[in-house]
Amino acid sequence: MSVAAAVRTRRTVRHYRPDAVPAATLDALLDLAVEAPTSWNLQDRSIVAVTSQEGREGLVWATGGQPQPQEAPVVLVFVAEPQSWREDHNDVYDQARRNGAWNDEFIAMFSAASKAFQEDLDRRGLLREYAIKDAMIAAAYVMLAATEMGLATSPMNGWDEAEVKKVIGIGDRDDLAIALLVSVGYPAEDRHHPGRRPVERNVFHQRYGSRRMPHIPE
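It should be emphasised that the depicted structure is a prediction, and the values quoted were computed from it without experimental measurement.

1. A closer look at helix 7 (residues 127–148)
Because each turn of an α-helix spans 3.6 residues, side chains separated by three or four positions end up pointing in the same direction.
Phase 1: Counted at 1.5 Å a residue, the expected span for helix 7 with its 22 residues is 32 Å, and the 33 Å between its end C-alpha atoms agrees.
Phase 2: Immediately downstream of helix 7, the backbone of Gly150 shows phi near 85°, a positive value.

2. A word on the side chain of Asp44
Phase 1: Residue position: Asp44 is located in the loop between helix 2 (23–33) and strand 1 (45–50).
Phase 2: The side chain of Asp44 is buried and forms no salt bridge, while Arg45, the nearest opposite charge, is found at 5.3 Å.
Phase 3: Residue contacts for Asp44: discarding those within four places in its chain leaves Thr38, Val79, Ala80, Glu81, Ser84, Ala131 and Asp134.

3. Some points on the nonpolar core
Phase 1: Ranked by size, the top nonpolar core spans 25 residues in total, and within it Leu29, Leu76, Phe78, Val142, Val182 and Val184 carry the most contacts.
Phase 2: Only helix 2, strand 2 (74–80), helix 7 and strand 4 (177–185) provide two or more residues apiece to this core.
Phase 3: Contact partners of Leu76, with chain neighbours within four places excluded, come to Leu26, Leu29, Leu30, Ile47, Val48, Ala49, Val142, Leu180, Leu181, Val182 and Val184.
Phase 4: Core analysis: the next-biggest nonpolar cluster, separate from the first, contains 13 residues, Ala62, Val79, Ile170 and Leu181 among them.

4. Notes on helix 3 (residues 53–62)
Phase 1: Within helix 3, burial applies to Gly55, Arg56, Gly58, Leu59, Val60 and Ala62.
Phase 2: Contacts from the buried residues of helix 3 go to strand 1, helix 4 (67–71), strand 2, helix 8 (161–167) and strand 4.
Phase 3: In the segment just after helix 3, Gly64 is the residue with positive phi, at about 70°.

5. Quick notes on unusual backbone geometry
Excluding glycine, residues mostly carry a negative phi; peptide bonds, for their part, are mostly trans.
Phase 1: Of note, Asn41 is a non-glycine position whose phi angle comes to about 55°, a positive value.
Phase 2: The backbone of Gln206 shows a phi angle near 75°, a positive value even though the residue is not glycine.
Phase 3: When you line up the elements, Gln206 lands in the segment after helix 9 (199–202).

6. Points about the packing of aromatic side chains
What characterises a pair of aromatic rings is the spacing of the ring centres plus the angle enclosed by the ring planes.
Phase 1: Evaluation of the coordinates by the stated rule reveals eight aromatic pairs.
Phase 2: Geometrically, the ring pair formed by Trp40 and Phe117 is tilted, given 5.5 Å between the ring centres and 45° between the ring planes. Remark: Phe117 occurs in helix 6 (residues 104–123) and Trp40 occurs in the loop between helix 2 and strand 1; sequence separation between them is 77 residues.
Phase 3: Overall, the relative accessible area of 24% leaves Trp40 in the partly exposed class.
Phase 4: Residues Phe117 and Tyr130 carry aromatic rings whose centres are separated by 5.3 Å and whose planes lie at 55° to one another, so their mutual orientation is tilted. A residue pair is termed long-range when its members are at least 10 positions apart, and Phe117 in helix 6 and Tyr130 in helix 7 qualify at 13 residues.

Calculation notes
Residues numbered from 1 in each chain as written. Predicted model: local features only at pLDDT ≥ 70, side-chain atom pairs only at ≥ 80, totals over all residues. Heavy atoms only, no water. Helix = DSSP H or I, 4+ residues; strand = E, 2+ residues; numbered from the N terminus. Expected span 1.5 Å × (residues − 1). Buried < 20%, exposed > 50% of the residue type's maximum accessible area, 1.4 Å probe, protein only. Lys, Arg positive; Asp, Glu negative; His and termini not counted. Salt bridge = Lys/Arg side-chain N within 4 Å of Asp/Glu carboxyl O. Contact = heavy atoms within 4.5 Å. Core = buried A, V, L, I, M, F, W, Y, C linked by side-chain atoms within 4.5 Å. Phe/Tyr/Trp six-rings, centres within 6.5 Å; stacked < 30°, edge-to-face > 60°.

Now the structure itself:
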């Protein structure tokens, strides 16, 4: 399945068959998730795969009784790490160096610029928002990759952050934030595309509200 096909065929599924997701399939899905873009290559997000009955029951409670955690064999909890920029990232730089992506000069410049950028976010109280955006990008990758694998997903909103944290063992971690929950499994329902507004309704050129196509030189 092409990326375009995955985008057009993915639907949010709330009801799932009890079939387990094979461990190899889940591992492949998570491997793709960590390949998602991450600002400054901070990789300031983690994913907790909840598969146990106890854990999923806890997420049912945390989500106000939504069916996805009860029926889906896997619920992925995307955790944003707003303070991770303060940690040692030498492993990231070493890997980039080994891969031939960055040299020492670039790493020195990049590290200093990244720190300055994060310090500015900290002053403006935007660290949490920034890390959540990174986690959400990874969640989007998961949903498309899962579609290609024949799996269904549901990005879940409407949960109690404190309760979700307790379920995954970070109830005492005020430095972490819950970005999104995504259920994963085999669908027990067929969902038809409700359609989207015409592109012209939501796509503008140069300025918000301008529907005039830009001039493209030949």
